[in-house]
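For reference, the chains in residue letters:
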Amino acid sequence: MAETEALPDAAPRVDSEVGPLRTVLLHRPGNELKRLTPRNNDQLLFDGVPWVGRAQEEHDAFAATLTSKGVEVLLLADVLVQALEDNRARIAGIHSAVNERRLGIDLADALRSHLTSLQAPQLAQVLMTGMTFEEMPAAEGASLVRKMHLPIDFAVDPLPNLLFTRDSSVWVGDRVAITSLALPARDRETTLTDLIYAYHPRFRRTGRAYGAHSAPLEGGDVLLLAPGVIAIGVGERTTPAGAESFARSALADGLAHTVLAVPIEQERATMHLDTVCTMVDRDAVVMYPAIRHTLTAYPMRSDGNGGVRVDGPEPFLEAAAEAMGIERLRVIDTGLDVITAEREQWDDGNNTLAVGPGLVVAYERNVETNARLEDAGVEVLRIAGSELGSGRGGPRCMSCPIDRAPLV
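In this text, all values refer to a predicted model and were calculated from it rather than measured experimentally. (Residues numbered from 1 in each chain as written. Predicted model: local features only at pLDDT ≥ 70, side-chain atom pairs only at ≥ 80, totals over all residues. Heavy atoms only, no water.)

Draft legend 1. Quick look at the side chain of Glu 218. Inspection of the secondary structure assignment puts Glu 218 in the loop between β7 (207-208) and β8 (222-226). In this structure Glu 218 comes out as buried when scored by relative accessible area, which is 0%. (Helix = DSSP H or I, 4+ residues; strand = E, 2+ residues; numbered from the N terminus. Buried < 20%, exposed > 50% of the residue type's maximum accessible area, 1.4 Å probe, protein only.)

In structure tokens:
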């Protein structure tokens, strides 16, 4: 993959969903997925136990597809190791991993001491993969905490959802927003993302947008419809407070002139806005047809006095087109009929990653949706996702664009 040590000539910038993709952050599935069992997969937000070797093969093919189109691919594990060379990053990572309330003071101190002794690559593995009680170093004296936990219980929880790099950070303009993930299984992901952007040499000039602890907000709910226009899904993972907080920040910083809060069903199948709708061209979206005529939006704009004016609700497609300054937003439906649409929506048919205007990466299994995209003039780069999809996420979920060329 691409070298990540040197500082780029120009600051990264993302103003849209479809500007030509220059740089993207991915996470190759690792040993954290081997922590998944039928006993814990629900708690760790996976629908099944993936075949890790095949998931890695599928992800390698995904990354290769992007590099073949000239995209620089950064791997999260690599940039995390490089960031951890900074002692401040090590302290932050260790602090996030050691839960004193859960382990007790003595065991927590022993774990901190052990983690402090590790080199950056080994520490990165623990931060991503977790650590069971039997993997902890032997400690002197008795420990009730050790005795009352099974050896296979986690002293440090694994992070299998690191695969979905979209959620823990969002680039808006030349700034990065560290998000606030809603569910306990993903708490530590933002800490790792935060320390990467804070301490990796590549990003030391990067400004911040939005406070990570303001209120729940996840990157899968944030769509940059056009320069200055942001849509934020409000549902299972992003709260109204999170959407409003992000909107206030983006409007105050001049990163947007309109932010659309878009209510979505609070269900597993529609956990994020990008599970029902993604941009595939400057003026086109692929969308789950069941919500096409019912999806609404609350436009938020500056009131001119440092506050935010909230309007609506209005039909989403009309509000989006008006904010984008276009006559209408073209809609390409998922599937041909109700059953096909429901199946392909569940299989992330709407969750496409735009490599450029009219060029997207999509799972190959969504045959009907991909055919409809091509009929509408959108080129589809098909990738396998039989194992990658077990965490309910497609190509957009698995990618965090860091730099896109402007639309011209």
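Draft legend 2. Region of the structure containing empty space enclosed by the protein. A full pass over the atoms with the stated rule returns 4 cavities of 30 Å³ or more. Of the pockets and cavities examined, the largest cavity occupies roughly 100 Å³. Looking at the lining of the largest cavity, the elements that each hand over two or more residues are β5 (169-172), β8 and β20 (400-404). (1 Å grid on protein atoms, 1.4 Å probe; cavity = no way out; pocket = protein on both sides within 12 Å on 5 of 7 lines; lining within 4 Å. Points joined across faces, edges and corners; volume = space filled by probe spheres on them.)

Draft legend 3. Layout of the environment of Glu 72. Here Glu 72 is to be found in strand β2 (residues 72-75). Its relative accessible area of 18% is what places Glu 72 among the buried residues. Between the alpha carbons of Glu 72 and Val 24 there is a distance of 6.4 Å; along the sequence they are 48 residues apart. A polar side-chain atom of Glu 72 sits 2.7 Å from a polar atom in the side chain of Arg 202. (Polar contact = N/O pair within 3.5 Å; in protein donor to acceptor, adjacent residues only side chain to side chain.)

Draft legend 4. Quick peek at the sheet that holds strand β12 (residues 284-287). Reading across from one edge, β11-β12-β16 is the order of the 3 strands in this open sheet, with mixed pairing throughout. Each edge of the open sheet carries a strand with a single partner, namely β11 (277-281) and β16 (330-333). Neighbour-to-neighbour, the strand axes of the sheet open up by a mean angle of 35 degrees, direction not taken into account. In the sheet, β12 pairs with β16 via 4 bridges, with the strands oriented parallel. Each bridged residue has a counterpart across the sheet, and for Met 287 the counterpart in β16 is Asp 333. Contacts from helix α12 (residues 367-375) reach β11, β12 and β16 within the one sheet, and its direction differs from that of β16 by about 150 degrees. (Pairing = 2+ DSSP bridges. Axes fitted to C-alpha atoms, helices over the stretch in contact; angles between N-to-C directions. Contact = heavy atoms within 4.5 Å.)

Draft legend 5. Region of the structure containing α12. Along α12, the residues classified as buried are Thr 369, Asn 370 and Leu 373. Seen from one end, α12 has its buried residues packed into an arc of 100 degrees, which puts them on one side. Relative to its buried face, α12 has exposed residues pointing more than 90 degrees away, namely Val 367 and Asp 375. At the C-terminal side of α12, Gly 377 shows a positive phi close to 90 degrees. (Arc of directions from axis to C-beta.)

Draft legend 6. The pattern of salt bridges, seen in detail. Summed over the entire model, instances satisfying the criterion amount to 24 salt bridges. In this structure, the salt-bridge partner of Glu 244 is Arg 248, at a minimum N-O distance of 3.5 Å. Of this pair, Glu 244 and Arg 248 both sit in helix α9 (residues 240-252), 4 residues apart, roughly one helical turn. Residue classification places Glu 244 among the partly exposed residues on the basis of a relative accessible area of 32%. Arg 248 gets classed as partly exposed once you look at its relative accessible area, which sits at 40%. For the salt bridge of Asp 333 with Arg 292, the shortest nitrogen-to-oxygen distance reads 3.3 Å. On the criterion of sequence distance, the pair formed by Asp 333 in strand β16 and Arg 292 in the loop between β12 and β13 (296-302) is long-range, its members being 41 residues apart. Counted as one network, the salt bridges with shared partners bring together Glu 17, Asp 274 and Arg 396. (Salt bridge = Lys/Arg side-chain N within 4 Å of Asp/Glu carboxyl O.)

Draft legend 7. Quick look at the nonpolar core. Within the largest apolar cluster, 63 residues are counted, with the highest numbers of intra-cluster contacts made by Leu 84, Leu 115, Tyr 197, Ile 230 and Phe 246. Here this core gets 6 residues from one element, more than from any other, and that element is helix α6 (residues 120-129). If near-sequence neighbours (up to four positions away) are discounted, Ile 230 is found in contact with Val 172, Val 222, Leu 223, Leu 224, Phe 246, Ala 250, Ala 256, Thr 258, Val 259 and Leu 260. Grouped together as the second largest cluster of nonpolar side chains are 37 residues, Val 276, Cys 277, Val 285 and Met 324 included. (Core = buried A, V, L, I, M, F, W, Y, C linked by side-chain atoms within 4.5 Å.)

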